[in-house]
Amino acid sequence: MAYSGTTRRKSHWAECAVVPYTVGCFRTGLENVLIVLENAGPAPMLPRLTYGVAGKTPDWSLDVLQELQPSPQVFWMPFRRREAKGITGFLHFSIFCLWSPVIMGKYANVVAVGLIGLLCLLDGYSARRLKTEQAEIEQRQLLNILPSWLERLRNNLPSSLTGRSASADVPAATKPAEVLNWPSIELDVGQITGVAVDDKSNPVILHRGNVKWDGGSFDSSGQYNRIDDGPIKNDTIVTLDAATGSLLDHWGSNLFYMPHGLEVDAEGSTWVTDVALHQVFKFPKGSQVPSLTLGEAFVSGSDDKHFCKPTDVAVSSSGIFFVSDGYCNKRILKFDADGRLLDVFTGPFNIVHSLTLMEEKDALCVADRENSRIVCIHAGLKEGPGQAKFGSPYGPAGYKGKHVGRVFAVAAKGQQLYAVFGSIFLGMSDGKTFDLDSLSTLSRWTPANGFGSPHDVAVSRDGEAMYVVQIGPNRIHKFALE
């Protein structure tokens, strides 16, 4: 069995068969199904189904996939045990088999359309007899394996055929509308990992310049391998004009090694997490010298004074802030305005990738990336008898959260929660709007040309605009909100 990259040859199968979500694999209801992407010339092939045969990761996706998946050379597609039974299970399995070179032929697309049609009819029946949450999981798993043109076909079918329906007590939301020809300039930036808005609602982006996260960036323990290369020489923090997208400000050279998360608080301070340094920084408005640094440079850990690849920061109006930690640890830490640790919430997370705080509701929502779910907890900002404590579940979903797909980032305004989703397949990434309390899906949205690999999302302070940034291709999109 030949594996590419850093995947371990002998131990990989044993680990994947025993421990779910280890090195990017899943325990499945059918078999441990190995999904391989192979390069087929100028454009990559669709993924093919195989058992125990590993291939090469296509060149176009190597840099991006190193961040999207713990082991980008090998992919596993989760099946649930119910899908192994009956006609619906057979159809789900058949759709996978279409991608096999043995079956892939000139009639594959015709057969796929037929299978999708039958599956939509069966899903309509299933949705009436299954719980709403279980039906949404099934639909999302299907979307994760379909090419974009089949996904669009399914989305355009009547809801009576697909089984998709809006919650009766949650009104439908207007889709965010892409603002075309924005920004007005061509941005010369690297992987854009973070986006926030300043006190004037101008978007601020965080990018990595000429540094990329690839298979050689970290060792197996999460330590950064390229310290000797020095910090990023480019200005990594860029402010754009909200109206035109023109350049307003840029700074942040020689400060970071692998920046990841970005936040701008109510006072205009800029917060950055760096997964290589394992640190969190706070820069006062107008200053390039941090007033607060948490964590020890290049030293990871899980105690009170260390992080392991921290991913994001959320800051309240009082200065209390939260850090998602992160790629290695499974926790959210709560600090006071001076950086003193107040509390820690540890949960069954698998890469706590993004945070968003709704202070008026005392809600803190988490993008639990590799568990494909959104989890909302109480932030514990309200004092007094009967008030919820930090980490207690918020909303009816509780600690289970809502399984919605491979969610990379979340942002909120009012009653609506916005999220962006990544996919290992081209054209499959998207954004969705949810009701904050119920986490019911309100709308789905993408830019006209689709997303590549969206990594973060932010909503303007006036609630009139939303920004989405990508790590490949390196772009920022603006959407108008109503």
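Small disclaimer: the values here were computed from a predicted structure and weren't measured. (Residues numbered from 1 in each chain as written. Predicted model: local features only at pLDDT ≥ 70, side-chain atom pairs only at ≥ 80, totals over all residues. Heavy atoms only, no water.)

Details of unusual backbone geometry
At step 1: The omega angle of the peptide bond from Asp325 to Gly326 is -5°, so this bond is cis rather than trans.
At step 2: Within the element layout of this structure, Gly326 appears in the loop between β14 (321-325) and β15 (331-335).
At step 3: Here the residue pair Gly472 and Pro473 is connected by a cis peptide bond, since its omega of -10° sits within 30 degrees of zero.
At step 4: Take Pro473: it is sitting in the loop between β26 (465-470) and β27 (476-480).
At step 5: You will see that His278, though not glycine, has its phi angle at about 60°, which is positive. (Helix = DSSP H or I, 4+ residues; strand = E, 2+ residues; numbered from the N terminus.)

Points about the sheet that holds strand β4 (residues 177-178)
At step 1: One open sheet accounts for four strands, arranged β4-β27-β26-β25; its pairing is antiparallel. Each edge of the open sheet carries a strand with a single partner, namely β4 and β25 (454-459).
At step 2: As paired elements, β25 and β26 share five bridges and run antiparallel to each other. In the strand pairing of β26, Pro454 is matched with Gln470. (Pairing = 2+ DSSP bridges.)

Some words on the side chain of Thr433
At step 1: On the secondary structure map, Thr433 appears in strand β23 (residues 430-435).
At step 2: Only 2.9 Å separates the side chain of Thr433 from the side chain of Trp445, close enough to count as a polar contact. (Polar contact = N/O pair within 3.5 Å; in protein donor to acceptor, adjacent residues only side chain to side chain.)

Re the packing of aromatic side chains
At step 1: One pass over the structure, following the stated rule, counts 21 aromatic pairs.
At step 2: Residues Phe345 and Phe390 carry aromatic rings whose centres are separated by 6.4 Å and whose planes lie at 75° to one another, so their mutual orientation is edge-to-face. Remark: Phe390 occurs in the loop between β19 (373-378) and β20 (402-403) and Phe345 occurs in strand β16 (residues 341-346); sequence separation between them is 45 residues.
At step 3: Each ring, one from Phe345 and one from Tyr399, has its centre 5.8 Å from the other, and the planes form 20°; the classification is stacked. One end of the pair, Phe345, is in strand β16; the other, Tyr399, is in the loop between β19 and β20, and 54 residues separate them in sequence.
At step 4: Note on Phe345: relative accessible area 13%, which makes it buried.
At step 5: Taking relative accessible area as the criterion, Tyr399 reaches 43% and is therefore assigned partly exposed.
At step 6: By way of ring pairs, the aromatic residues Trp213, Phe218, Tyr224, Tyr257, Phe298 and Tyr327 are connected into one cluster.
At step 7: One Lys or Arg, Lys309, reaches over the ring of Phe218 and ends 4.0 Å from the middle of that ring.
At step 8: Of note, Lys432 hangs over the ring of Phe421, and the distance from its end group to the ring centre comes to 5.9 Å. (Phe/Tyr/Trp six-rings, centres within 6.5 Å; stacked < 30°, edge-to-face > 60°. Buried < 20%, exposed > 50% of the residue type's maximum accessible area, 1.4 Å probe, protein only. Lys NZ or Arg CZ within 6 Å of the ring centre and 35° of its normal.)

Considering the state of the cysteines
At step 1: The final tally for this structure, using the stated rule, is two disulfides.
At step 2: At a sulfur-sulfur separation of 2.0 Å, the disulfide partner of Cys365 is Cys376. Across the S-S bond of Cys365 and Cys376 the torsion is about 100°, and the bridge reads as right-handed. In this pair, Cys365 sits in strand β18 (residues 363-368) while Cys376 sits in strand β19, placing the two residues 11 residues apart along the sequence.
At step 3: Each bonded cysteine in the protein gets a number by its place in the sequence, and the pairs come out as 1-2, 3-4. (Disulfide = S-S within 2.5 Å.)

Regarding the sheet that holds β23
At step 1: Spatially, the four strands line up as an open sheet ordered β21-β22-β23-β24, and their pairing is antiparallel. Edge positions in the open sheet fall to β21 (407-413) and β24 (441-445), since each of these has one partner strand only. Between one strand and the next, the sheet's axes are offset by a mean angle of 20°, whatever the strand orientation.
At step 2: Here β21 pairs with strand β22 (residues 416-421) via six bridges, running antiparallel. Bridge assignment links Ala409 to a residue of β22, and that residue is Val420. (Axes fitted to C-alpha atoms, helices over the stretch in contact; angles between N-to-C directions.)

Considerations on the pattern of salt bridges
At step 1: Overall, the coordinates contain nine salt bridges when judged by the stated rule.
At step 2: Ionic pairing is found between Asp214 and Arg226, a salt bridge with its closest N-O pair at 2.8 Å. Residue Asp214 is located in the loop between β6 (203-207) and β7 (237-240), and its partner Arg226 is located in the loop between β6 and β7; the two are separated by 12 residues in the primary sequence.
At step 3: Look at Asp214 and you get buried, because its relative accessible area is 19%.
At step 4: Residues Arg373 and Asp368 are paired through a salt bridge, measuring 2.6 Å at the closest nitrogen-oxygen approach. Taken individually, Arg373 and Asp368 each receive the classification buried, so the pair is uniform in this respect. (Salt bridge = Lys/Arg side-chain N within 4 Å of Asp/Glu carboxyl O.)

Topic: the confidence of the model for the protein
At step 1: Taken over all residues, the pLDDT of the protein has a mean of 76, while the share at 70 or more is 63%.
At step 2: Ignoring residues within four places in sequence, the model shows residues 1-66, a span with pLDDT below 50, making 159 contacts including any to other chains. (pLDDT = per-residue confidence, 0-100. Contact = heavy atoms within 4.5 Å.)

Examining the environment of Ala412
At step 1: For Ala412, the position within the fold is in strand β21.
At step 2: In this structure the C-alpha to C-alpha distance between Ala412 and Leu357, which are 55 residues apart in sequence, comes to 7.5 Å.
At step 3: What Ala412 contacts, discounting residues up to four positions off in sequence, is Thr356, Met358, Leu417 and Val459.

Details of the side chain of His306
At step 1: Considering the arrangement of structural elements, one finds His306 in the loop between β12 (292-294) and β13 (310-315).
At step 2: Among the polar contacts made by the side chain of His306, one reaches the side chain of Asp303 at a distance of 2.8 Å.
At step 3: Excluding residues that lie within four positions of it along the chain, His306 makes contacts with Glu296, Val299, Ser300, Gly301, Asp325 and Arg331.

Regarding the pairing of β14
At step 1: Within β14, five of the five residues are buried, which leaves it mostly tucked inside the rest of the structure.
At step 2: Residue alternation in β14 divides its side chains into two sets, Phe321, Val323 and Asp325 and Phe322 and Ser324, and both sets are buried.
At step 3: Examined bridge by bridge, β13 and β14 share five bridges and lie antiparallel to one another. The partner of Asp312 across the bridge, within β14, is Ser324.
At step 4: The turn joining β13 and β14, which pair antiparallel and follow one another in sequence, is formed by five residues; a positive phi near 100° is taken by Gly319.
At step 5: Bridge count for β14 against β15 is five bridges, and the pairing is antiparallel. Across the sheet, Phe322 pairs through a bridge with Lys334, a residue of β15.

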